[in-house]
Amino acid sequence: MCLTWVWKGYPRDLRHTAASLAVASGANVKSIQRMIGHASAAMTFDIYAELFDDSLDLAADLADELGTVGRPALRSEGRVR
């Protein structure tokens, strides 16, 4: 007996998956725009903006960590000094 799996999707589903994986791996909007073939980075960001939220949070956390290297922490117990 031979079982065959048949994908019943659309090419745009593959594009969306590729773009989602690119965002998750840290690619910037311009790179994704070129990869997907959108007319502008704004169009790409409009479509995939919700995926970039996690990336922006991660970038903010990293910036906070870099800002406190070699200096005393600016925050203590949740309060800004």
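Residues numbered from 1 in each chain as written. Predicted model: local features only at pLDDT ≥ 70, side-chain atom pairs only at ≥ 80, totals over all residues. Heavy atoms only, no water.

(A) Looking closely at helix 1 (residues 11–24). Between its terminal C-alpha atoms helix 1 stretches 20 Å, which fits the 20 Å expected from 14 residues at 1.5 Å a residue. For helix 1, the set of buried residues is A19, A22 and V23. Burial along helix 1 is one-sided: seen end-on, the buried residues are contained in an arc of 100°. Facing away from the buried surface of helix 1 by more than 90 degrees, the exposed residues are L14, L21 and A24. (Helix = DSSP H or I, 4+ residues; strand = E, 2+ residues; numbered from the N terminus. Expected span 1.5 Å × (residues − 1). Buried < 20%, exposed > 50% of the residue type's maximum accessible area, 1.4 Å probe, protein only. Arc of directions from axis to C-beta.)

(B) Layout of the nonpolar core. A19, A22, V23, V29, I32, I36, Y48 and F52 together form the largest nonpolar core, which totals eight residues. Apart from residues lying up to four places away in sequence, F52 is in contact with V23, A27, V29, I32 and F45. (Core = buried A, V, L, I, M, F, W, Y, C linked by side-chain atoms within 4.5 Å. Contact = heavy atoms within 4.5 Å.)

(C) Expanded view of the confidence of the model for the protein. The predicted model of the protein has a mean per-residue pLDDT of 77, with 73% of residues at 70 or higher. Mean pLDDT across the elements of the protein ranges from a minimum in strand 2 (residues 79–80), with 52, to a maximum in helix 2 (residues 29–36), with 92. (pLDDT = per-residue confidence, 0-100.)

(D) Highlighting a negative patch on the surface. On the surface, a cluster of negative charge is made up of E50, D53, D57, D61, D64 and E65. By the secondary structure assignment, E50 is in helix 3 (residues 41–67). (Patch = residues over 30% accessible without salt bridge, like charges linked within 9 Å, V, L, I, M, F, W, Y side chains within 5 Å. Areas by Shrake-Rupley, 256 points an atom, 1.4 Å probe, with all protein chains shown as cover. Salt bridge = Lys/Arg side-chain N within 4 Å of Asp/Glu carboxyl O. Lys, Arg positive; Asp, Glu negative; His and termini not counted. Charge placed at Lys NZ, Arg CZ, Asp CG, Glu CD.)

(E) How the structure looks around the packing of helix 1 against helix 2. Running from N to C, helix 1 and helix 2 cross one another at 160°; their axes reach a closest spacing of 10 Å. By the criterion of interaxial angle, the relationship of helix 1 to helix 2 is roughly antiparallel. For helix 1 against helix 2, the interelement crossing comes out right-handed. Across the interface between the two elements, R15, A18, A19, A22 and V23 from helix 1 touch I32, M35 and I36 from helix 2. Tallied by class, residues from the contact of helix 1 with helix 2 come to seven nonpolar, no polar and one charged. (Axes fitted to C-alpha atoms, helices over the stretch in contact; angles between N-to-C directions. Parallel < 35°, antiparallel > 145°, perpendicular 65-115°, else oblique. Left-handed = near helix turned anticlockwise from the far one by under 90°. Nonpolar A, V, L, I, M, F, W, Y, C, P; charged D, E, K, R; others polar.)

(F) Summary view of the environment of H16. Its place among the elements puts H16 in helix 1. Residue class for H16 comes out partly exposed when judged on its relative accessible area of 37%. It is 9.5 Å that separates the C-alpha atoms of H16 and I47, two residues lying 31 residues apart in sequence.

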